[in-house]
Amino acid sequence: MEAEISINYLAISTELIVIFTIVGTITLDLIFTKKSKYLVALFALVGSLISFIPIIFQWANYSKAMVLFDGSYVIDKFSIILKGLFILVTYLTFLLSINFVESDTYYEGEYYFLLLCSLLGALVVASSRDLLTIFIGIELASGPMFLLSGWRKGDPKSNEGAIKFFLLGVLSASLILYGFSLLYGVTGKIIFSEIVSSLSATGLHQSPVVLLSSILILAGIGFKISVVPFHSWAPDTYEGSPLPVTAYLSISSKATGFVALIILFTKVFYESGTSWGVILVLISGATMFIGNLSALQQTNPIRLLAYSSIAQAGFILAPIAVAGITGNYNDGVYASVTYLVIYAFMNMGAFLVVNILIKASGSENIYEWGGLAKDSPMTGIFSVVFFFSLAGIPPLGGWFAKFVVFRSLLSTGEIFGLSLGIIGAINAVIALVYYARVSKIIWMDDSPAGERVITVPNPLKVVGFISLALTLLAGVFPGIFSSLGEASAIFFSS
Amino acid sequence: MTSILETFSNGLGISLVVFLPLVSAVFILFIPKKQEFLIKIATLGSSLVTFGLSLIVAYQFDYDNAHMFQLGNKLTWIESINSNYEIGIDGISLPLLLLSTFISVLAIIYSFEHLPEPVNPKGMMSLILILETGMNGTFVALDLILFFVFFELVLLPMYFMIGIWGDRTVRSVAGFKNQIETRLYASIKFFVFTLFGSAFMLLGFLGLYFRGSKTFSIPELIELGTSGAFTGTFATLVFAVLFLGFAVKVPMWPLHTWLPDAHTAAPTVGSVLLAAILLKLGSYGFVRIALPILPEQAKAWAPAIAILAAIGIIYGSLACLAQTDLKRLIAFSSVGHMGFVMLGISSLTSIGINAAMIGMVAHGIITGLLFFISGSMAHTYHTRDMDRLGGNMKLLPKTGVLLGFTAMASLGLPGLAGFWGEFMALLGAYNPLPGLNITVFRTSMVAGAIGTVLTAGYLLWMLQRVNLGEPKEEWIGQDLHDADNYELAAWIPLVILTVLIGIFPKLIFGSTNDAVISLVTKAFGG
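Residues numbered from 1 in each chain as written. Chains lettered and ligands numbered in written order. Predicted model: local features only at pLDDT ≥ 70, side-chain atom pairs only at ≥ 80, totals over all residues.

> Got a sec to walk through the overall build of chain B? Specific residues and values, please.
Of regular secondary structure, chain B possesses 20 helices and four strands. In terms of overall dimensions, chain B is globule-like: its C-alpha atoms have a radius of gyration of 22 Å, near the 24 Å expected for 526 residues. Counting only C-alpha atoms, chain B reaches 70 × 55 × 50 Å along its principal axes. Residue burial in chain B is summarised as follows: out of 526 residues, 61% are buried. Excluding contacts between residues fewer than 6 apart, the proportion of contacts in chain B whose partners are at least 24 apart in sequence is 79%. (Helix = DSSP H or I, 4+ residues; strand = E, 2+ residues; numbered from the N terminus. Rg over C-alpha atoms; globule rule 2.2 N^0.38 Å. Buried ≥ 20, exposed ≤ 12 C-beta atoms within 10 Å, placed from the backbone. Contact = placed C-beta atoms within 7 Å.)

In structure tokens, the structure reads:
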């Protein structure tokens, strides 16, 4: 075989721009002195924006999926949408970080460098179609987060959170690798499509070893998406990390994990769906209940959002779980991805609100936030929109996310989907109590004596208005998500 | 000119009625807080225009074809799930739409001068407008998902209305360690109860979607439902969850417990809007969605609904007899009155459902007025405790006369609006749809009749305690303000309507009757 390597550089131009920005960021960090370090942030910000341009072109000129490296790397509508999401979330995280990182004795240059590395990992996951690439993507996405979560070096909580995250992260990586090695051992292939054909040819797709492999991979990814029973690290790590990093962890890292899960389970293990589907149904139901019931008890806003994002993960997982059982993957992936996209923006907004209010009140106890909305009606409105959107109240975006999930759960009327639908409905009500509590405190409780001045820095306003616009748009014109349905259809046809 | 009217009748008219308030609310957010007068005038103007538009809609409405959905349109909304922006009105929704736009105007007039702490007219006015969009939208939506979104849109504004402007009395509540302010407890209770109902209702809508050729369109689902597309366990389950969603909102006994708390805690305008319109969303849901789409299940459930309605009537009146709080008494009277509405609906006859329709409108007008008056009295006297009140006729003559009048209307005095709903509901229950268990319905009718007596009892007793007699010593020499112009401007139109509908019930029946008969014929063949 002739070793002729031709690479479609246009197809991977997004990744290339991000790599260039990564190198540039770390180089500029060496050059600039402390005084002009903000230029590093600016460079990272601009770089991430530029990397969005190829996404737009690929979307606008889309004709068919581009397959690279013998099928290891695929750029289809599915991956384009997710890459767009990852870049936008990273961009918003940068905006959220600017004032935060400057305000303390952080290493600025490295901060942006690490976030960009994580972004690159996420981009790779979205396109990967073989075991090695997806593993590298997953670990490239989570590795930098180990460092970033321990960024507040002087804070014991940050150290504790980072150590927990690191140890469990390593464990999860080894579980995933073990699962992969079993697959490779059985089939001798690493590219997904070849694994599948080898499994069906040998009739091994229902064999115990493949099932074991799927369970190991599930457990490994379970840590990344923090679903029960692999969730216990999340609240501690979230609490210890710098707030923008927490936002990134709960949105982008989680989304990366979900994308990996979707790709692996619907591309590789789809023939054994009835086995892992049942496990996922149980995990999904338990995640919703445990996440929501724990969130009810929280007084710390970050832990509250941590448990809330655990509960939300239960919702995102539900359609995939049921799709495994019914085989209706197209619908399930559409629901999960739609939920992920809407969740990303409303959760980003919720972290923004928490960020502003912690600074304004000087307290990490929500019960001391009484009357803050009077001091900053804009933040008050943000809090209403984002928290009630998380609760799924129309006409805010969250309702449509919940709706598509319910729709895919009930689509076949089969008992697992029905039960998860009922569990979801009950959990939507439980969740309302703690989401509404935040609004109640800042709008309805009396403010303590003394003036509090809330200044919202401009970058945060930008984050707020972008998230607000997208959250409202998703709620009022959910039709814009129809392209996601098309994308998941293409995802399965390729 | 004609072309404008044409496009107007092509869905534009009712779309404006629905969305003008919302758009105005957004504009009002941009007016500086200090320009209170501008905010108030802009809100009033917007609500008046909305009301005017709804009158034009009522004028354009073809009453000879009241059973058909008119003046509507169907635009693509969420293509991927085949949910459309499908709107239209028929004889059933028209009176409720008018009631909604009308009461909103009065609520805004009242709010000019009578907002409790922390006043903030900008906040209150924008909430009323957002609420109005939700209410109007629910009455014109002909797509289940669109209906759901509007149905839920009212939750947030009402939650904040109760929570921010509500009653600050501190009380202890079972299940809470510390004492809690009434408004905080009531607002979240209202929210959680309603969301619980509607979350399951949404599952029911999805069930209909998947069994009924993947459509959310209400007219199409009615066609499917009346031709027997939904049967068996599936239909029973769907009816059960729809029942849950609507019955919480009505509210039917035993799901009513949020109502007395919410009403007592809410500021006056909140109580008025809640009683006059929000409760109707539930009973309207039964008539618009549950009955015609699932007729067989409606028949199976009708006796149960009748029994619950009868219990609600008796329970509501007995609870009223035990109240010392004026507002809480009116709140419980709503449970009773909505019991009559549901009794009428459960009979599944055209008389019963017509009774429900006029009952809804009458309850909206009369109970709305009662909440206005009691709210003002609470504001003047700084108490709602009926043991402390008394001699109101002498202290506040204008308010006293109106309270007396409204109480009479509420107890169903013939010649006033409240009479028709109660009387015809009992008539409907006496002679329910053939095939329904006659014993259950006649028993419910007797219970309802006893309820009317009890209703008269508690209202007259209330009048005796509050209005009549000599003023208590603590009020003598106090500077008490009788109803001012803003209050009278909000109240008098309701008084006039009460009389008009009492004398000419055709004002309502002229619109509803054909639509109701067609519904009953199509769904139940009767």
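Following the structure, the description resumes.
> Any details on the overall build of chain A? Residues and values, ideally.
A count of helical and extended segments in chain A gives 20 helices and two strands. For 494 residues, the compact-globule estimate of 2.2 N^0.38 gives 23 Å, and the C-alpha radius of gyration of chain A, at 22 Å, lies within 12% of that figure. In terms of overall dimensions, chain A has a C-alpha envelope of 75 × 55 × 45 Å along the principal axes. Per-residue burial over chain A gives 59% buried out of 494 residues.

> Describe the pairing of strand β1 (residues 70-78) of chain B, and please don't skip the residues or the numbers.
Residues and elements named next belong to chain B. Where β1 meets strand β2 (residues 83-89), six bridges bridge the pair, whose relative direction is antiparallel. Its bridge partner being in β2, I78 is matched across the sheet by S83. The antiparallel pairing of β1 with β2 creates a hairpin that spans four residues between the two strands, and N82 there sits at a positive phi of about 55°. (Pairing = 2+ DSSP bridges.)

> Hey, could you go over the interface of chain A and chain B for me, with residue numbers and the actual values?
Often, the extent of an interface is quoted as the loss of accessible area on bringing the components together. If you look at the interface, chain A gives 25 residues, while chain B gives 27 residues. Elements that contribute at least two residues to the side of chain A that touches chain B include exactly α17 (398-410), α18 (415-444) and α20 (482-493) of chain A. Examining the composition of the side of chain A that touches chain B, we find that ten residues originate from one element, α18(A), more than from any other. Looking at the side of chain A that touches chain B, its residues break down into 17 nonpolar, six polar and two charged. (Nonpolar A, V, L, I, M, F, W, Y, C, P; charged D, E, K, R; others polar.)

> Summarise helix α19 (residues 485-503) of chain B; cite the residues concerned and give the values.
Residues and elements named next belong to chain B. For α19, built from 19 residues, the straight-helix expectation of 27 Å at 1.5 Å per residue is met to within 8% by its first-to-last C-alpha distance of 27 Å. For α19, the full list of buried residues reads E487, A490, W491, L494, L497, T498 and I501. Among the structural elements, α3 (93-111), α14 (350-381), α16 (397-410) and α20 (506-524) are those in contact with the buried residues of α19. (Expected span 1.5 Å × (residues − 1).)

> So what's going on with the environment of N330(A)? Which residues, and what values?
Residues and elements named next belong to chain A. Residue placement: N330 occurs in helix α14 (residues 329-361). Since 18 C-beta atoms lie within 10 Å of it, N330 is described here as partly exposed. When the C-alpha atoms of N330 and A313 are compared, they prove to be 19 Å apart, with 17 residues separating the residues in sequence. Excluding its chain neighbours within four sequence positions, the residues that come into contact with N330 are S488, A489 and F492.

> Break down the environment of K37(A) for me, citing the residues and quoting the values.
Residue and element names in this part refer to chain A. Mapping K37 onto the fold places it in the loop between α1 (13-31) and α2 (38-50). The exposure class of K37 is buried, given the 20 C-beta atoms found within 10 Å. Between the C-alpha atom of K37 and that of E108, which follows or precedes it by 71 residues, the distance is 6.9 Å. Excluding residues that lie within four positions of it along the chain, K37 makes contacts with F32, E108 and G109.

> Explain helix α18 (residues 438-466) of chain B to me, using residue names and the numbers behind them.
Given 3.6 residues per turn, any residue in an α-helix points the same way as the ones three and four places further on. Residues and elements named next belong to chain B. For α18, with 29 residues, the first-to-last C-alpha span of 41 Å sits near the 42 Å given by 1.5 Å per residue. Every buried residue of α18 is listed here: F441, S444, M445, A447, G448, G451, T452, T455, Y458, L459, M462 and V466. Looking at the buried residues of α18, the elements they touch are α12 (295-321), α13 (326-346), α15 (392-395), α16 and α17 (418-430).

> Give me the packing of helix α11 (residues 243-267) of chain A against helix α13 (residues 301-326) of chain A: which residues, what numbers.
All names here are of chain A. Orientation of α11 relative to α13, taken along the N-to-C sense of each, is 15°, at an axis distance of 11 Å. In terms of orientation, α11 and α13 fall into the roughly parallel class. The crossing of α11 and α13 is right-handed. Only I302, L305, S309, A313, I316, I320 and G324 of α13 make contact with α11, whose side of the interface consists of T246, S250, K254, F258, L261, I262 and F265. (Axes fitted to C-alpha atoms, helices over the stretch in contact; angles between N-to-C directions. Parallel < 35°, antiparallel > 145°, perpendicular 65-115°, else oblique. Left-handed = near helix turned anticlockwise from the far one by under 90°.)

> Would you mind going over unusual backbone geometry in detail, with residue names and values included?
Following V228(A), the chain continues into P229(A) via a peptide bond in cis, with omega recorded as 5°. With respect to the element layout, P229(A) can be found in the loop between α9 (208-224) and α10 (233-240). The omega angle of the peptide bond from W253(B) to P254(B) is 5°, so this bond is cis rather than trans. Unusually for a residue other than glycine, D70(A) sits at a positive phi of about 55°. With respect to the helices and strands, D70(A) occurs in the loop between β1 (66-68) and β2 (73-75). Positive phi, close to 60°, is recorded for H382(B), a residue that is not glycine. You can see H382(B) is positioned in the loop between α14 and α15. Of the residues examined, H382(B) has 8 C-beta atoms within 10 Å and is grouped as exposed.

> Outline the environment of W420(B), listing residues and values.
Residue and element names in this part refer to chain B. Position of W420 relative to the elements: it lies in helix α17. Using a count of 23 C-beta atoms within 10 Å as the deciding quantity, one classes W420 as buried. As for W420 and G510, which are separated by 90 residues in sequence, their C-alpha atoms are 14 Å apart. Filtering out sequence-adjacent residues up to four positions away, W420 remains in contact with A355, I358, A362 and P505.

> Account for the confidence of the model for chain B, with residues named and values stated.
On average, residues of chain B score 89 in pLDDT, and 99% of them reach the 70 mark or higher. Across the interfaces of the predicted complex, the ipTM metric reaches 0.90, alongside a pTM of 0.92. (pLDDT = per-residue confidence, 0-100.)

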